[in-house]
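Next come the chains, spelled out residue by residue.
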Amino acid sequence: MARGLGVTRCAETTRLDRVGIPVHSATRPGAAVVIVTAGKGGTAEESRAGALMEAIEQAVAERSAPFAAERGDLRWASPRAIASAGGPTLGSLCPVLGRGLDVDRKMAWVRAEELNSGEELPVPAELVFHPCPEELRVGIWGSTTTGLASGNDFDEAMLHGLCEVLERDALSFETLSSSSILVKAEQLPAEPAALAGKIRAAGLRVWLRWIPSALGACFSCLIVDDDLASPLACSGGYGFHPVAAIAAVRALSEAAQSRLTYIQGARDDLDEATAFIDSLGAEREARYRAELVAGFARAAPAVSFCDIPTSEPAGPRDMLGNLLDRCRRHGFERVGAYRYPPLAEPFAVVRVCVPFAEHFTQTTRRVGPRLAEEAERAARS
């Protein structure tokens, strides 16, 4: 399937580094945005599958707009008309800061499915296709891959996509004010403990921090190479999942993957990140790195892994149902999922969109009402 969608090579890059956590990279030369996609896992087979599936889902997101139009998934309407019919408002979908919002300007919407009710939920085309075709673009949100996911079936793909959206929501609030808590390294479960052990055995420092969330387990991870003074030698990773051990593995392995893709030179944001670091100058660069490391290394408070709330492992359908129940109980009443045209059968590719879930990064700068309210509260205090 990957070859049919343009992937020409899938290479194991694990041995470019000394850590030993398996990482693969898939190359799709004709890609519109991301040419090299990476995958990680506990085994080489898992990491190879991850790299290929990342390439597959992005190829589908790139190519689906014409097929979506053919099967009647697109409609043109003003945001005012969509909201009046019970659809999401522009603000609930977290527009980019400073963008003008015209609620009477007609724009393209995609007919997604609301997972709790099974009813239709309109989602802007700009939040579905990546990159969004020029004729469908409105410039309110920009085009990202958050919520873009694939799997062996739709339940698996939608679980993965929803976890990504909720991870970004939790991290958005972390950029405003950190609530993360250091996880005691000596009490990790077997699989995340093995990954952390490999990182330390390679002479690197690593910290895993828990970000409390009522929706599931969310972790951030930082790997630091003290042989290199640049902040680029500090590699981050994140993970969200109903099962805490799975979320921890995702954060640790993503940090190792991030480090390897920098070593490989395959990161799409490498030039941008290097330019930012170079712009700081030596003194500010050293201070930036020190503050980053200190934020992850701060020892108090700390939490034992066994005290972090978790769900029991189950099949994707059961875990998705459980996560949807939590979303409803905690303010995310609607969860939209767009099933892309079947360009990757037998695999399922979806885009998950959750109104009111925040999506702020230093690059996207998208802000919704919840984050704006928290920022105002923080400014008053």
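Residues numbered from 1 in each chain as written. Predicted model: local features only at pLDDT ≥ 70, side-chain atom pairs only at ≥ 80, totals over all residues. Heavy atoms only, no water.

**Focus on the packing of helix H4 (residues 190-201) against helix H5 (residues 244-264)**
Between H4 and H5, whose axes approach to 8 Å, the crossing angle comes to 20°. The orientation of H4 with respect to H5, classified from their angle, is roughly parallel. Considering how the two elements wind past one another, H4 and H5 form a crossing that is left-handed. Between H4 and H5, the residues in contact are Glu-191, Pro-192, Leu-195, Ala-196 and Ile-199 and Ala-245, Ala-248, Val-249, Leu-252 and Ser-253, respectively. Taken together, the residues of the contact of H4 with H5 sort by class into 8 nonpolar, 1 polar and 1 charged. (Axes fitted to C-alpha atoms, helices over the stretch in contact; angles between N-to-C directions. Helix = DSSP H or I, 4+ residues; strand = E, 2+ residues; numbered from the N terminus. Parallel < 35°, antiparallel > 145°, perpendicular 65-115°, else oblique. Left-handed = near helix turned anticlockwise from the far one by under 90°. Contact = heavy atoms within 4.5 Å. Nonpolar A, V, L, I, M, F, W, Y, C, P; charged D, E, K, R; others polar.)

**Quick word on the UniProt feature "domain: YcaO" (unreviewed entry) in the protein**
UniProt's feature table lists "domain: YcaO" (unreviewed entry) at residues 39-381, given in the numbering used throughout. End C-alpha to end C-alpha, residues 39-381 measures 42 Å, and it is 42% helix and 17% strand. (UniProt positions renumbered as here; feature names shortened; annotations may be inferred.)

**Points about the sheet that holds strand E8 (residues 181-183)**
The mixed open sheet is built from 5 strands, whose spatial order is E11-E10-E9-E8-E12. Edge positions in the sheet fall to strand E11 (234-241) and strand E12 (302-303), since each has one partner strand and no second. The pairing of E8 with E12 spans 2 bridges and is parallel. Bridge assignment links Val-183 to a residue of E12, and that residue is Val-303. Strands strand E9 (205-210), strand E10 (217-224) and E11 of the sheet are contacted by H5, whose axis makes an angle of about 155° with E11. (Pairing = 2+ DSSP bridges.)

**A short note on the packing of helix H3 (residues 154-176) against helix H7 (residues 316-329)**
Interhelical geometry of H3 versus H7 gives an angle of 35° and a closest axis separation of 9 Å. Like other packed secondary-structure pairs, H3 and H7 cross with a definite hand, here left-handed. Side by side, H3 and H7 meet where Asp-155, Glu-156, Met-158, Leu-159, Leu-162, Cys-163 and Leu-166 of the first sit next to Pro-316, Arg-317, Met-319, Leu-320, Leu-323, Leu-324 and Cys-327 of the second. Considered class by class, the residues forming the contact of H3 with H7 number 11 nonpolar, no polar and 3 charged.

**Regarding the packing of aromatic side chains**
Tallied over the entire structure, the rule returns 4 aromatic pairs. Centre to centre, the rings of Phe-219 and Phe-305 are 5.7 Å apart; their planes meet at 5°, and the pair counts as stacked. Linking Phe-219 in strand E10 with Phe-305 in the loop between E12 and H7, this pair joins segments that are 86 residues apart in sequence. In terms of burial, Phe-219 and Phe-305 fall into one category: buried. On the basis of an interplanar angle of 80° and a centroid distance of 5.3 Å, the ring pair of Tyr-338 and Tyr-340 is categorised as edge-to-face. We classify Tyr-338 as buried; its relative accessible area is 3%. Taken together, the ring pairs connect Phe-129, Tyr-338 and Tyr-340 into an aromatic cluster. The residue whose ring lies beneath Arg-339 is Phe-154, and the NZ or CZ to ring-centre distance is 4.2 Å. (Phe/Tyr/Trp six-rings, centres within 6.5 Å; stacked < 30°, edge-to-face > 60°. Buried < 20%, exposed > 50% of the residue type's maximum accessible area, 1.4 Å probe, protein only. Lys NZ or Arg CZ within 6 Å of the ring centre and 35° of its normal.)

**As for the side chain of Asp-169**
Secondary-structure assignment places Asp-169 in helix H3. With residues near it in sequence (within four places) discarded, Asp-169 still touches Phe-332, Phe-356, Ala-357, Glu-358 and Arg-370.

**Quick notes on helix H6 (residues 270-297)**
Spanning 28 residues, H6 covers only 25 Å between terminal C-alpha atoms, well under the ideal 40 Å at 1.5 Å per step. Of all the bends in H6, the greatest measures close to 120° and is centred on Gly-281. Residues Leu-270, Ala-273, Ile-277, Leu-280, Glu-285, Arg-289, Val-293 and Phe-296 constitute the buried set of H6. (Expected span 1.5 Å × (residues − 1). Bend = angle between axes of the 7 residues up to and from the residue.)

**Section: the sheet that holds strand E3 (residues 36-40)**
Pairing within the open sheet is antiparallel, and its 3 strands lie in the order E1-E2-E3. One side of each edge strand has no neighbouring strand; the edge strands of this open sheet are strand E1 (9-12) and E3. Along the sheet, successive strands turn relative to each other by an average axial angle of 20°, direction set aside. Along the sheet, helix H1 (residues 44-70) contacts E1, strand E2 (23-27) and E3; its crossing angle with E3, the most-contacted strand, is approximately 145°. This element, H5, spans E2 and E3 of the sheet and lies at about 140° to E3.

**Observations regarding the state of the cysteines**
Under the counting rule described, the total for this entry stands at 0 disulfides. Lacking any disulfide linkage, Cys-353 is separated from the closest cysteine sulfur, that of Cys-94, by 8.7 Å. (Disulfide = S-S within 2.5 Å.)

**Brief notes about the pattern of salt bridges**
For the coordinates displayed, the defined rule picks out 20 salt bridges. Glu-12 serves as the salt-bridge partner of Arg-15, at 3.9 Å between the closest nitrogen and oxygen. A salt bridge links Arg-328 to Asp-325; the nearest nitrogen and oxygen atoms lie 1.9 Å apart. One end of the pair, Arg-328, and the other, Asp-325, are both in helix H7, 3 residues apart, so they sit about a helical turn from each other. Classification of Arg-328 as partly exposed rests on a relative accessible area of 38%. On the basis of relative accessibility, which here comes to 32%, the residue Asp-325 falls in the partly exposed class. Each member of the salt-bridge network shares a partner with another, and the members are Asp-17, Arg-18, Asp-225, Asp-227 and Arg-259. (Salt bridge = Lys/Arg side-chain N within 4 Å of Asp/Glu carboxyl O.)

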